[in-house]
Amino acid sequence: MEPLLLGRGLIVSLIFFLLKFSKAIEIPSSVQQVPTIIKQSKVQVAFPFDEYFQIECEAKGNPEPIFSWTKDGNPFYFTDHRIMTSNNSGTFRIPNEGHISHFQGKYRCFASNKLGIAMSEEIEFIVPSVPKFPKEKIDPLEVEEGDPIVLPCNPPKGLPPLHIYWMNIELEHIEQDERVYMSQKGDLYFANVEEKDSRNDYCCFAAFPRLRTIVQKMPMKLTVNSLKHANDSSSSTEIGSKANSIKQRKPKLLLPPTESGSESSITILKGEILLLECFAEGLPTPQVDWNKIGGDLPKGRETKENYGKTLKIENVSYQDKGNYRCTASNFLGTATHDFHVIVEEPPRWTKKPQSAVYSTGSNGILLCEAEGEPQPTIKWRVNGSPVDNHPFAGDVVFPREISFTNLQPNHTAVYQCEASNVHGTILANANIDVVDVRPLIQTKDGENYATVVGYSAFLHCEFFASPEAVVSWQKVEEVKPLEGRRYHIYENGTLQINRTTEEDAGSYSCWVENAIGKTAVTANLDIRNATKLRVSPKNPRIPKLHMLELHCESKCDSHLKHSLKLSWSKDGEAFEINGTEDGRIIIDGANLTISNVTLEDQGIYCCSAHTALDSAADITQVTVLDVPDPPENLHLSERQNRSVRLTWEAGADHNSNISEYIVEFEGNKEEPGRWEELTRVQGKKTTVILPLAPFVRYQFRVIAVNEVGRSQPSQPSDRHETPPAAPDRNPQNIRVQASQPKEMIIKWEPLKSMEQNGPGLEYRVTWKPQGAPVEWEEETVTNHTLRVMTPAVYAPYDVKVQAINQLGSGPDPQSVTLYSGEDYPDTAPVIHGVDVINSTLVKVTWSTIPKDRVHGRLKGYQINWWKTKSLLDGRTHPKEVNILRFSGQRNSGMVPSLDAFSEFHLTVLAYNSKGAGPESEPYIFQTPEGVPEQPTFLKVIKVDKDTATLSWGVPKKLNGNLTGYLLQYQIINDTYEIGELNDINITTPSKPSWHLSNLNATTKYKFYLRACTSQGCGKPITEESSTLGEGSKGIGKISEGVNLTQKTHPIEVFEPGAEHIVRLMTKNWGDNDSIFQDVIETRGREYAGLYDDISTQGWFIGLMCAIALLTLLLLTVCFVKRNRGGKYSVKEKEDLHPDPEIQSVKDETFGEYSDSDEKPLKGSLRSLNRDMQPTESADSLVEYGEGDHGLFSEDGSFIGAYAGSKEKGSVESNGSSTATFPLRA
């Protein structure tokens, strides 16, 4: 890619320099030369809103030119004091003050010095007048309905362009249509008037946009007399006569007017817009058509406007001249007019005279040729005067050229060539300078140049010399001039070095020599490293709607980094600098990101780098992958009863080969319009023989698949209908639905519509008792179910189902074994015993029931149990039955989650698919004592420097006779080191508090309290507290509730310097009826005497008030929640810790537990103490259950389902798997 760009850069450079060197020779300003006009005005309009009007004329020359003007061919002097001029300039200004109309005219500027006179083209200065409609009285117009009428506008003359509008007095446009037309001159034509045309405010408006002026003609009144509204005194005969006076008539042309005859001529200038218009009156309204006689209207440049009344041809050429005809017609006749179009042209240069520099004694020629229509006349002038006034010996003057022989310095002059015809005049100045001077090098000495390796270098040596000079270049350190194919010297002195290398760097000298003398300058050349680019990834293939990311890695010379600019293009078209406005294409310097790529994004992406000296580019071909286009032209052939050939044409694969075709069909009578897959074909094939089913009216479509995805389905094929046949298959999945005893409800999967093969589908069902030597019973049905009565319960039968239709039967069916309906088991198991494993777990054993008493398929055994009373207090417990099921044939099971120290009743029953059989006789057993739950709370109610008083609450579940408490404590002091654990056995279970002594002052302790029975101690509850320092008194407890009416709470005054802290504490751990209480504690400080009397401090009083308000708010919230009470489910899903004793049982399995009747506990409230933990003795049944709860037993046996049910009127079971802690009501 780099050589290509290098060559392209070379070509661009060559074109640039060749253009530069081919322009006219520029004479240095230091050399004497004739004047040259370098700037002049064109047409100048004196707009009334301009501050001044400037007519420009600037020229150069040596000596400095002197300026003069003519106006309308006469000398023009700046005698008016208002005119402003500038030194060394021909430009003057006319201020917009007073009357300036006398300045209007055609001006010409002359710039002269001793060598010659240059003249400008004519400059027209226009002083427009303010256009006005004349004040006039316009007589009302009155016509009968159907007559033609023309409303003249006659707009005033003014500075073009002119726009004319017809409106009413409310500035609403008069509607124009086939009947109403405004001509180019502004008149409003009516082909035939109607009653609705009557109005008294037809206004013509003329707009002159360059003057910012709109003028209005006086309103015109038009009255249309309708013959339908004749006066009431007229008889019906008279009315009919007047109505008939509106006669239909053939067209008559109003435009062009009648006086112009049947044809007219129009002259148009080449390149302008030709407008031809025709308008005819008549009734019905005539239609206008256009044609060119002997040719066609120019396609693409001609339009018909204004309902065909105007023919418009843009950019007129000579080929458009000729005769054009407009034809106006209605059903009564036609009217025509021919336009003879003449195309002419103002003068234009074909060979414009060129300025030239000559040396003494040389020869020269001036050429001047122009074209136009009519052919322009060419006149020569010398220094603004006719050429005849300046004869030179040897000069030959022709209309189109002047030849010079043996030129001398006095030939130096300005020659003017003027070409003119009726449409305008053009003027060209050509300077003839006869000069003899030694070479003047205009390029600065010591110029620095730079290029990159491999590019061309251009070292300039622009000069002026007359006579002609010879240019040579050489390296400064070398004597010989540069020679070789790599070096080229242009006529203007520039040296080109092709395919530069690092050795080309250095200093060069340029020598210019002619007959008068020679001159030299030096130039310095530096060689830089070429810029390199690499776009990645190369030639990516990306799926449609994915993101494309391209990166352009660039490397350039360190001297060129400041000028390095990167740009991106696609297929030769450059992207915007930052991408697209919608953000889909983002360009961030060297990165190009395109989101949601589409097929239009496919192409060649080019990253281009441009520096001050070179450019480079690299490309990558981006291929966008998409799903294929749908297959086309589906065709069916080789039609058979059970097959047909389908052929199609592949659609575009969008750059990803088609891997396969999916053939779908539609024809299912039950689901019309639903397409199903029939077969798949390899991607290279476009034909397939399709297997068909009988009695189906097929239609096919094909989907193409490639690596991107599936195409849209093709258009459906023609229909193909197969004849009916007998069924090919029989129903499947023959089964018995849940039945009553001694019956079978036989069901099967019916044949689908596509499998029926014909009309009249039925099913022949046959059956007999399995192994019995009896005949098959038979019944034919149309649906897919049959009810059969049997003499026995759960007896096996051989059953067959065969499909049949009007054309025959299906294949011989296979026999399946089905059982008649089940009944409930009619006997109960016998409980052998209940082995107590621990206080919450027992093992039950029973005898299985005989197989013939099951009356069906045995599914398992079910244990029902309920708690009857607590052995702790002897209270009777309402009957709440819990259920645990064990699948399969077994004679034992484990019952978990029992309450300790309680009496239970237990029964066992068998169940099958029909349901459960009778229960066994209740078996009574008792659970032993267990360990208690943790105490309900533990609080430090008083501390001193070496003592602490603790209080606690009795556990909710004692699980036996309470024998006492185990109190333990140790020092913690917020460090990683902890003190020795001290034990205190409290053998008086009725005592809810304990006073500890001999504690260390200013020390933090952690206290542990466990409740104990004869079986051991339960889980501890903990609390932390710190003893006080020396000189502090203990924390006391005030049992009264907060008195919200007091501004300050009565507080005992402790030692000065003590800090008094008031805390509100939740009191759900005592039997007191108040919900909150104050605990006021005093904590010693390391420094005393900070406050003398804290009770008198304002901040303390404010704190007390805030506490009182907070207490009132909390009381309100609690009482609202209490009153809203309602129904709260006691069975919340909380995980309880399993009894550790259960972990020792490793060889038993558990069944299924369910509590199907979760009744809410009426009047219960949600616990305010959400962080209370369940007791150790509470067993989580999640670990025992079957189904969603997973497996538990270690011997790998299957775990049953745990279900619970309650008898009517019972309350929530204490044996449920969760625990709640309601507030006291």
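Quick note: structure is the one above.
Residues numbered from 1 in each chain as written. Predicted model: local features only at pLDDT ≥ 70, side-chain atom pairs only at ≥ 80, totals over all residues. Heavy atoms only, no water.

Enquirer: For this particular structure, what's the right way to read the overall build of the protein?
Expert: Secondary structure summary: the protein contains 3 helices and 89 strands in total. A buried classification covers 44% of the 1225 residues belonging to the protein. Contacts in the protein between residues far apart in sequence, at least 24 positions, make up 67% of those at least 6 positions apart. Just so you have it, the protein exposes about 65,300 Å², and 49% of that area is on carbon and sulfur atoms. (Helix = DSSP H or I, 4+ residues; strand = E, 2+ residues; numbered from the N terminus. Buried < 20%, exposed > 50% of the residue type's maximum accessible area, 1.4 Å probe, protein only. Contact = heavy atoms within 4.5 Å. Areas by Shrake-Rupley, 256 points an atom, 1.4 Å probe, with all protein chains shown as cover.)

Enquirer: Looking at this structure, how should I read the sheet that holds strand 30 (residues 364-367)?
Expert: Strand pairs in the sheet, formed through backbone hydrogen bonds, run parallel or antiparallel to each other. What the 3 strands build is an open sheet, ordered 30-35-34; its pairing is antiparallel. Every other strand in the sheet has two partners, leaving strand 30 and strand 34 (396-398) as the edge strands with one partner each. Strand-to-strand twist in this sheet, taken as the mean axis angle between neighbours without regard to direction, amounts to 10 degrees. Here 3 bridges tie strand 34 to strand 35 (residues 401-404), and the two strands are oriented antiparallel to one another. Across the sheet, the residue bridging to Val397 is Ile402, located in strand 35. (Pairing = 2+ DSSP bridges. Axes fitted to C-alpha atoms, helices over the stretch in contact; angles between N-to-C directions.)

Enquirer: Help me understand the packing of aromatic side chains in this model?
Expert: Each aromatic ring pair is summarised here by two numbers: the centre-to-centre distance and the angle between the ring planes. Summed over all chains, the structure comprises 27 aromatic pairs. Ring geometry for Trp846 against Tyr861: centres 5.7 Å apart, planes inclined by 45 degrees, an arrangement best described as tilted. With Trp846 in strand 72 (residues 841-847) and Tyr861 in strand 73 (residues 858-870), this pair connects stretches of sequence that are 15 residues apart. With respect to class, Trp846 is no different from Tyr861; both count as buried. The aromatic ring of Tyr202 is capped on one face by Arg199, whose charged end is 5.9 Å from the ring centroid. Here the guanidinium or amino end of Lys800 rests over the ring plane of Trp776, the centre of that ring lying 4.6 Å away. (Phe/Tyr/Trp six-rings, centres within 6.5 Å; stacked < 30°, edge-to-face > 60°. Lys NZ or Arg CZ within 6 Å of the ring centre and 35° of its normal.)

Enquirer: Whenever I open this one, the pairing of strand 30 confuses me. Can you help?
Expert: Look at any regular strand and the pattern is simple: side chains alternate between the two faces of the sheet. Side chains of strand 30 alternate between two faces, with Gly364 and Leu366 buried and Ile365 and Leu367 left unburied. As defined by bridge partners, strand 30 adjoins strand 35 across 4 bridges and the pair is classed as antiparallel. Bridged to Gly364 within strand 35 is Phe404.

Enquirer: Would you mind going over the environment of Ile214 with me for this structure?
Expert: With respect to the helices and strands, Ile214 occurs in strand 18 (residues 213-216). Each C-alpha atom, one on Ile214 and one on Ile164, is 9.3 Å from the other, the two residues being 50 residues apart in sequence. Ignoring anything within four residues of it in the chain, the contact list for Ile214 reads Phe205, Ala206 and Ala207.

Enquirer: What should I look at first to understand the nonpolar core in this one?
Expert: The nonpolar side chains of soluble globular proteins are, as a tendency, buried together. In this structure, Ile149, Leu151, Trp166, Leu188, Phe190 and Tyr202 are the most contacted members of the largest nonpolar core, which totals 25 residues. Looking at this core, the elements with two or more residues in it are strand 13 (149-151), strand 14 (163-167), strand 15 (180-182), strand 16 (188-190), strand 17 (199-208) and strand 19 (220-225). It is strand 17 that contributes the most residues to this core, 4 residues altogether. Once you skip the residues sitting within four places of it in the chain, Tyr202 turns out to touch Leu151, Trp166, Met167, Ile174, Leu188, Phe190, Asp197, Met218, Pro219, Met220 and Leu222. Phe53, Phe67, Trp69 and Leu115 belong to the second largest nonpolar core, which has 24 residues in total. (Core = buried A, V, L, I, M, F, W, Y, C linked by side-chain atoms within 4.5 Å.)

Enquirer: What's the story with the environment of Asn225 in this structure? I'm lost.
Expert: Note that Asn225 resides in strand 19. With relative accessibility at 29%, the residue Asn225 sits in the partly exposed group. On a C-alpha basis, the gap between Asn225 and Glu145 in space is 5.7 Å, while along the polypeptide they are 80 residues apart. Aside from chain neighbours lying at most four places away, what touches Asn225 is Glu142, Val143, Glu144 and Glu145.

Enquirer: Hey, could you run me through the state of the cysteines in this one?
Expert: What is meant by a disulfide is a covalent connection between two cysteines, made through their sulfur atoms. Overall, the coordinates contain 7 disulfides when judged by the stated rule. This cysteine, Cys606, is not joined by any disulfide, and Cys607 carries the nearest cysteine sulfur, 7.0 Å off. Take Cys606: its relative accessible area is 12%, and that puts it in the buried class. (Disulfide = S-S within 2.5 Å.)

Enquirer: Help me understand the pattern of salt bridges in this model?
Expert: Side-chain pairs of opposite charge can arise where the charged atoms are in close proximity. The tally for this structure, following the rule as stated, stands at 45 salt bridges. Here Lys60 makes a salt bridge to Glu26, at a shortest N to O gap of 2.6 Å. Placement of Lys60 in strand 4 (residues 57-62) and of Glu26 in the loop between helix 1 (2-22) and strand 1 (33-40) is noted, with a sequence separation of 34 residues between them. You can call Lys60 partly exposed: its relative accessible area is 31%. Ionic pairing is found between Glu743 and Arg787, a salt bridge with its closest N-O pair at 2.7 Å. (Salt bridge = Lys/Arg side-chain N within 4 Å of Asp/Glu carboxyl O.)

Enquirer: Mind showing me how you'd approach the side chain of Asn864 here?
Expert: Inspection of the secondary structure assignment puts Asn864 in strand 73. Of the polar contacts made by the side chain of Asn864, one reaches the side chain of Glu919; its length is 3.1 Å. Setting aside residues up to four positions removed in sequence, Asn864 forms contacts with Val881, Asn882, Ile883, His905, Leu906, Thr907, Leu909 and Glu919. (Polar contact = N/O pair within 3.5 Å; in protein donor to acceptor, adjacent residues only side chain to side chain.)

Enquirer: Help me understand a nonpolar patch on the surface, please; the structure alone is not making it clear to me.
Expert: On the surface, a nonpolar cluster with roughly 330 Å² of combined accessible area is contributed by Leu1110, Leu1113, Leu1114 and Val1117. Taking the relative accessible area as the measure of exposure, Leu1110 reaches 44% and is therefore partly exposed. (Patch = residues over 30% accessible without salt bridge, like charges linked within 9 Å, V, L, I, M, F, W, Y side chains within 5 Å.)

Enquirer: It is not clear to me how the pairing of strand 17 should be interpreted in this structure. Could you clarify?
Expert: Counting buried residues along strand 17, 8 of its 10 residues qualify, which places the element largely inside the surrounding structure. In this structure, strand 14 lies alongside strand 17, joined through 5 bridges in antiparallel fashion. Each bridged residue has a counterpart across the sheet, and for Trp166 the counterpart in strand 17 is Cys204. The pairing of strand 17 with strand 19 spans 2 bridges and is antiparallel. Residue pairing for strand 19: Tyr202 is matched across the bridge by Met220. The hairpin formed by strand 17 and strand 18 contains 4 residues between the paired strands, and Arg212 there has a positive phi angle of roughly 55 degrees.

Enquirer: Honestly, the sheet that holds strand 25 (residues 302-305) in this entry has me stumped. Any pointers?
Expert: With antiparallel pairing, the 3 strands of this open sheet are ordered in space as 22-26-25. Every interior strand has two partners, whereas the edge strands, strand 22 (274-277) and strand 25, have only one. For this sheet, the mean angle separating the axes of adjacent strands, direction not counted, is 20 degrees. Pairing of strand 22 with strand 26 (residues 310-313) involves 4 bridges; the strand directions are antiparallel. The residue bridging Leu276 from the neighbouring strand is Leu311, located in strand 26.

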